[in-house]
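Each chain, letter by letter, is given below.
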Amino acid sequence: MREKLHIMAVGAHVLDAELSCGKTLAKHSLLGDKITTVAITAGENGHPAEFTKEEFRKVNTEGGKAFAEALGGNFICMGYDDANVPESEEIYNAMADIIRKEKPDVIFTHREGSYHEDHFLAPKIVRKAVRRAGFSDSEYPAHRVKHIWKQSGTSSWNATDRL
């Protein structure tokens, strides 16, 4: 019998991970695996003219939550400012705490080298957080992630890090 996994998908914005690996997450949900989606930002700066930034943040966050709930999973929005994701110790530590608390076996995230600054930073944040999560220097016990899968193009995934 197959061992159940905990799959975490980390996107720079709400619905980045859901749109890029949603079918894979749905498959794992059907296999009985636990699903967690994490958005670093709510993607609020991309709001259409008929929405305010705050309204769009709410709409996106509700969409991310609905997606995760449809898969029997959990949604986390870190709440950083869209198009202003910091490259800082604070965000690395915050993501490490999410990893320690959630205990994923596998993390999916953006590919390296994206032109979009938030997408560019997401795999770096994940990589640094995964390393930090392996040490216990917070209220949560240390946790080691088995694999990080990064999007290699528009729809395929590569296991670039085996941990």
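Right above here is the structure, for reference.
What counts and what doesn't
Residues numbered from 1 in each chain as written. Predicted model: local features only at pLDDT ≥ 70, side-chain atom pairs only at ≥ 80, totals over all residues. Heavy atoms only, no water. Core = buried A, V, L, I, M, F, W, Y, C linked by side-chain atoms within 4.5 Å. Buried < 20%, exposed > 50% of the residue type's maximum accessible area, 1.4 Å probe, protein only. Helix = DSSP H or I, 4+ residues; strand = E, 2+ residues; numbered from the N terminus. Contact = heavy atoms within 4.5 Å. Salt bridge = Lys/Arg side-chain N within 4 Å of Asp/Glu carboxyl O.

Q: What is the right way to read the nonpolar core from this model?
A: Note that soluble globular proteins tend to have their nonpolar side chains buried in a common cluster. Counting 25 residues, the largest nonpolar core has Ile-40, Met-95 and Ile-99 as the members making the most contacts within it. Among the secondary structure elements, those contributing two or more residues to this core are β1 (6–13), β2 (34–41), β3 (74–80), α3 (89–102) and α4 (117–133). Broken down by element, this core gets its largest block of residues, seven residues, from α4. With residues near it in sequence (within four places) discarded, Ile-99 still touches Met-8, Pro-104, Ile-107, Ala-129, Val-130, Ala-133, His-143 and Val-145. Ile-7, Ala-9, Ala-17 and Leu-25 belong to the second-largest nonpolar core, a separate cluster that totals nine residues.

Q: Would you explain the pattern of salt bridges in this entry?
A: Where side chains of opposite charge bring their charged atoms close, a pairing between them can arise. The tally for this structure, following the rule as stated, stands at eleven salt bridges. When the shortest N-O distance is used, the salt bridge between Lys-146 and Glu-3 registers 3.6 Å. Here Glu-3 lies in the segment before β1 and Lys-146 lies in the loop between α4 and β5 (147–151), a separation of 143 residues in the sequence. Owing to a relative accessible area of 35%, Lys-146 belongs among the partly exposed residues under this scheme. Glu-87 is the partner of Lys-124 in a salt bridge, and the nearest nitrogen-oxygen pair spans 2.2 Å.

Any link to function would need more than the numbers given here.
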